[in-house]
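Close look at the chain arrangement
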Amino acid sequence: TIVGMATSTATVAGKIGQALNFNKVGAPKVTFLTSGTSFTVPNDWNNNNNSIETIGGGGGGEAGTTNRPGGGGGGGGAYSKISNLTLTPGASVTIQVGAGGAAGAGGNPGGGDGGTGTDTWFNGASLAASSVGSKGGGGGAARIGGSGGASASGIGTTKNSGGDGGTVSVGVGTGGGGGGGAGPNGVGAVGGAAPSGAGGPGGGGNGGGTAGTDGG
């Protein structure tokens, strides 16, 4: 997300997209980037008043099986933010909008692992080379929830980790809940463990979301 007013703010969120928010005279402007690989800096970009936020893609859940406990939930994406990034109006900057990891493929004797969510970043050829960026969450595997995207691997002045996916221990046809995505208010919540015969609740995202309920 990028926000500005003779000011500028940018946010890049995996799955949700990148949000660019920059203020013109009198009112802030917010732009969400949900696809693409580049962003053209607007002519009214203010180097002294802007912010950029990113959220990594969430991990995919592990597939269940027909005769064993189901799969672990995917981990939530991490969050990062910076303020007052210096950019040149009219310039093109490289971005990546993180995508969610693929769900594991079902089968016996075991289900497939969930895929890892991809990283999200702004202004760079990679996460490590970017001005701000966030790690994606890990996929569920071996009935254990995937790890949430790690804040330590992100780039930014404010960084929060995604929640771990829920783990499965008992019950055929169960599944761990997905971890919540991180946000500006803190880390994402851990996905719920699976009760017998149902899916676990998803973890709440840390931007106003709440934990889900058990699946039936």
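We now turn to the structure provided with this report. (Residues numbered from 1 in each chain as written. Predicted model: local features only at pLDDT ≥ 70, side-chain atom pairs only at ≥ 80, totals over all residues. Heavy atoms only, no water.)

**Side note on the sheet that holds strand β10 (residues 132-134)**
Stated precisely, the cut-off is as follows: By definition, two strands form a pair when at least two bridges between them are found by DSSP. Note on conventions: DSSP H or I runs of at least 4 residues are helices, E runs of at least 2 residues are strands, and numbering of each starts at the N terminus. The angle between two axes is taken between their N-to-C directions and runs from 0 to 180 degrees, where each axis is a line fitted to C-alpha atoms and a helix contributes only its stretch in contact.
With antiparallel pairing, the four strands of this open sheet are ordered in space as β5-β8-β9-β10. Looking at which strands have only one partner, the edges of the open sheet turn out to be β5 (38-40) and β10. Ignoring strand direction, the axes of neighbouring strands in this sheet form an average angle of 15°. Pairing analysis gives three bridges linking strand β9 (residues 120-122) to β10, with the strands arranged antiparallel. Bridge assignment links Trp121 to a residue of β10, and that residue is Gly133.

**Points about the side chain of Asp119**
What counts is decided by this rule: To sort residues, take the accessible area from a 1.4 Å probe on protein chains only and compare it with the maximum for the residue type: under 20% means buried, over 50% means exposed, and anything in between is partly exposed. Side-chain atoms alone can form a polar contact between residues adjacent in sequence; in general such a contact is a pair of N or O atoms within 3.5 Å, and within protein one must be able to donate a hydrogen while the other accepts it. Between two residues, a contact is recorded if the distance between any of their heavy atoms is within 4.5 Å.
With respect to the helices and strands, the residue Asp119 is situated in the loop between β8 (92-96) and β9. Accessibility expressed as a relative area gives 16% for Asp119, which makes it buried. Among the polar contacts made by the side chain of Asp119, one reaches the main-chain amide nitrogen of Gly136 at a distance of 3.0 Å. Setting aside residues no more than four positions away along its own chain, Asp119 makes contact with Gln96, Val97, Gly98, Leu127, Ser134, Lys135 and Gly136.

**Looking at the side chain of Thr120**
Following the sequence through the fold, Thr120 ends up in strand β9. A residue is classified by how much of its surface remains accessible, and Thr120, at 0% relative accessible area, is buried. Of the polar contacts made by the side chain of Thr120, one reaches the backbone nitrogen of Gly98; its length is 2.8 Å.

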